[in-house]
Amino acid sequence: MARPERITVLGAGSWGTTFAKVLADAGNDVVLWARRAEVAAAINETRCNAAYLPDIRLPSTLRATDDAAEAVHGAGAVVLAVPSQTLRENLAGWQPLLPPEATLVSLAKGVELSTLKRMSEVIGEVADVPMEHVAVVSGPNLAKEIAAEQPTATVVACPDHDRAVALQHACSTPYFRPYTNTDLVGIEIAGACKNVIALACGMAAGLGFGHNTMSSLITRGLAETTRLGAALGADPMTFAGLAGLGDLVATAMSPLSRNRTFGERLGRGETLAQAQEAAHGQVSEGVKSCSSIRQLAARHGVEMPITDVVHRVCHEGLAPAPAAAELLGRERKPE
């Protein structure tokens, strides 16, 4: 399949804007859709998205608009860069505008609360396209570091290998190295669950725990994520890769991670509302997805103790310190 000549990114937040920059730096004609007209105008006039990436100059080959129909017209690939829990609503509005053969690319990481569907499943259903037309980009991809052109790698996953390769070529730059994969289930489960484990690591940091605790949470978090993925038909080896362990380490350890910093506030004793206020009104993806992932695990008979206590801290009033004690006091068993 040929590399798409024109690519649209719908969503001008930090990751959407950063990925649009990557695509432009890779030599593509890129259109970035922003919800607010003033944001699109500022990007076109100043080459900067001041609200999200104030220190980054955007390429001249990246054009912004607030008109969704104009944005997607003639696009060979349409990148969906909106939060997981709003994807369905947004995509329903865009669906009539989408070019029929375009590759639809998800940047969102989560499991939908109402349906327990992965993002690619939501896209296939709402856009009414075959799953072979849907791709996912996931990996250790903290937006601010990539926007600053710090080297990283990622995974482009699609059931259609040729589409994955075409998208791989479209987003390859000297600082951004994409690999391909056809295991959409594994890539998406890894991306959703790592936000929850990062919340747990943040809580542990807020409680004053150190690197041994973080390492234990990351490792056991990866184990429960792999169990869920395997139950859903994923390749367990996917979880040892960039979208699994790689993304988990970056999200769980970096102060640039919203899930990590949100969890740290909870660990220091702040309420969910206080942590949200400190995050400028934003709730981290993991706070929402912990509930849907917990339900998905229960549906498939998979034990996920870290996810369970994160859900109970966020939504049932369990304090982080007793949550930690509960995890440590679980029945002893072989690894």
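Residues numbered from 1 in each chain as written. Predicted model: local features only at pLDDT ≥ 70, side-chain atom pairs only at ≥ 80, totals over all residues. Heavy atoms only, no water.

This is how it is decided: UniProt positions are given in the numbering used here, feature names are shortened, and annotations may be inferred rather than shown by experiment.
In the nomenclature of an unreviewed UniProt entry, the chain is known as Glycerol-3-phosphate dehydrogenase [NAD(P)+] of Saccharopolyspora shandongensis. Taken from UniProt, the Sequence similarities (unreviewed entry) comment for the chain reads in full: "Belongs to the NAD-dependent glycerol-3-phosphate dehydrogenase family." The heading Pathway (unreviewed entry) in the UniProt record of the chain holds the text "Membrane lipid metabolism; glycerophospholipid metabolism."

What to know about helix α5 (residues 119–127)
Our working rule: Here's how the labels work: a residue is buried when its accessible area is under 20% of the maximum for its type, exposed when over 50%, partly exposed in between, all with a 1.4 Å probe on protein chains only. We count a stretch as a helix when DSSP gives it H or I for four or more residues in a row; a strand needs E for two or more, and each element gets its number in order from the N terminus. A contact between two residues is defined here by any heavy atoms of the two lying within 4.5 Å.
The buried fraction of α5 amounts to 7 of the 9 residues, a majority that puts the element mostly inside the structure. Within the sequence span of α5, burial applies to M119, S120, V122, I123, G124, V126 and A127. In this structure, the buried side of α5 is in contact with β4 (77–80), α4 (87–94), β5 (103–106), β6 (134–138) and α8 (184–206). Positive phi shows up at D128, right after α5, with a value of about 55°.

Quick look at the UniProt feature "binding site: NADPH" (unreviewed entry) in the chain
Under the feature "binding site: NADPH" (unreviewed entry), the UniProt entry names S14, W15, R35, R36, Y52, K109, A143, R258, V283 and E285. In three dimensions, the annotated residues from a span of 272 residues occupy distinct locations, with a maximal C-alpha spread of 23.4 Å. Judged by its relative accessible area of 45%, R36 falls in the partly exposed class. Examined against the element boundaries, V283 turns out to sit in the loop between α12 (272–278) and α13 (285–299). Residues within four places of V283 in sequence aside, it is in contact with F262, Q276 and K288.

Some remarks on the domain arrangement of the chain
So the rule is basically this: For every domain, the bounds stem from an assignment made automatically or drawn from a database. Here the quantity called buried area is the accessible surface, traced with a 1.4 Å probe, that two parts lose on coming together, added over both. By salt bridge we mean one thing: a side-chain nitrogen of Lys or Arg within 4 Å of a carboxyl oxygen of Asp or Glu. Just so you know the grouping, Ala, Val, Leu, Ile, Met, Phe, Trp, Tyr, Cys and Pro go in nonpolar, Asp, Glu, Lys and Arg go in charged, and all remaining residues, Gly too, go in polar.
Structurally, the chain comprises domain 1 (6–182) and domain 2 (185–329). Using only C-alpha atoms to locate each centre, domain 1 and domain 2 end up separated by 25 Å. At the junction of the two partners, domain 1 supplies 28 residues and domain 2 supplies 27 residues. By the criterion of area lost to domain 2, the three top residues of domain 1 are K109, L116 and R118, representing 29% of everything that side buries. Applying the counting rule to domain 1 against domain 2 returns 2 salt bridges. Put simply, the parts of the chain that give the side of domain 1 that touches domain 2 at least two residues each are α5, β6, α6 (143–147), β7 (152–157) and β8 (176–181). Looking at which element gives the most residues to the side of domain 1 that touches domain 2, the answer is β7, with 4 residues. Its residues assigned to classes, the side of domain 1 that touches domain 2 shows 12 nonpolar, 11 polar and 5 charged.

Considering a nonpolar patch on the surface
Using the following cut-off: What makes a patch is a set of residues exposed beyond 30% relative accessible area and free of salt bridges, joined within 9 Å when like-charged and within 5 Å when nonpolar (Val, Leu, Ile, Met, Phe, Trp, Tyr). Only the protein chains shown count as covering a residue, and every accessible area follows the Shrake-Rupley method with a 1.4 Å probe.
Together, L245, V249 and M253 make up an exposed nonpolar region whose accessible area comes to about 210 Å². Assessed through its relative accessible area of 35%, L245 is described here as partly exposed.

Describing the nonpolar core
Using the following cut-off: Residues grouped as a nonpolar core are buried Ala, Val, Leu, Ile, Met, Phe, Trp, Tyr and Cys residues, joined through side-chain atoms within 4.5 Å.
L228, I293 and V310 are the most contacted members of the largest nonpolar core, which totals 42 residues. Secondary-structure elements contributing two or more residues to this core are α8, α9 (211–231), α10 (242–253), α11 (258–267), α13 and α14 (305–315). For this core, the leading source of residues is α8, giving 14 residues. If near-sequence neighbours (up to four positions away) are discounted, V310 is found in contact with V196, L199, A200, M203 and C290. Counting 38 residues, the second-largest nonpolar core is a separate cluster that includes A20, V30, I43 and L62.

Regarding the state of the cysteines
Going by this rule: We call a pair of cysteine sulfur atoms a disulfide when they lie within 2.5 Å.
By the definition in use, this model includes 0 disulfides. Unpaired in this structure, C193 has its nearest cysteine sulfur neighbour in C290, at a distance of 11 Å. Not engaged in a disulfide, the cysteine C314 finds its nearest cysteine sulfur in C290; these two sulfurs lie 4.7 Å apart.

Re the sheet that holds β8
Rules: Pairing between strands requires that DSSP locate at least two bridges from one strand to the other. Inter-axis angles, ranging from 0 to 180 degrees, are taken between N-to-C directions of lines fitted to C-alpha atoms, where helices are fitted over the stretch in contact.
Read across the open sheet, the 8 strands follow the order β3-β2-β1-β4-β5-β6-β7-β8; overall the sheet is mixed. Edge strands, defined here as strands with exactly one partner in the open sheet, are β3 (62–65) and β8. Pairs of neighbouring strands in the sheet enclose a mean axial angle of 25°, with direction left out of account. Pairing of strand β1 (residues 6–10) with β4, which is carried by 4 bridges, proceeds in the parallel orientation. Bridge assignment links T8 to a residue of β4, and that residue is V78.

Brief notes about the environment of Q85
For clarity, the threshold we go by: Here a polar contact is taken to be a pair of N or O atoms separated by no more than 3.5 Å, where protein atoms must pair a possible hydrogen donor with a possible acceptor and residues adjacent in sequence count only if both atoms sit in side chains.
Tracing the backbone through its elements, the reader meets Q85 in the loop between β4 and α4. A sequence separation of 60 residues divides Q85 from E145, and the C-alpha atoms of the two residues are 25 Å apart. Contact partners of Q85, with chain neighbours within four places excluded, come to V111, E112, L113, K288 and S289. Here the side chain of Q85 touches L113 through a polar contact of 3.0 Å, landing on its backbone nitrogen.

Focus: the side chain of Q168
With respect to the helices and strands, the residue Q168 is situated in helix α7 (residues 161–170). Those residues in contact with Q168, other than ones at most four positions away along the chain, are V156, P178, Y179 and T180.

Quick look at the packing of α8 against α14
Basically, it comes down to this: Note that the term roughly parallel is reserved for angles under 35 degrees, roughly antiparallel for angles over 145, roughly perpendicular for angles of 65 to 115, and oblique for everything else. Handedness of each helix crossing follows the sense of rotation of the near helix against the far helix: counterclockwise by less than a right angle gives left-handed, clockwise gives right-handed.
Viewed as axis vectors pointing N to C, α8 and α14 meet at an angle of 70°, and their least axial separation amounts to 9 Å. In this view, α8 runs roughly perpendicular relative to α14, as classed from their interaxial angle. Along this stretch, α8 crosses α14, giving a crossing that reads as left-handed. Together, V196, I197, L199, A200 and M203 of α8 and I306, T307, V310, V313 and C314 of α14 make up the contact between the two elements. Here the contact of α8 with α14 is composed, by residue class, of 9 nonpolar, 1 polar and no charged.

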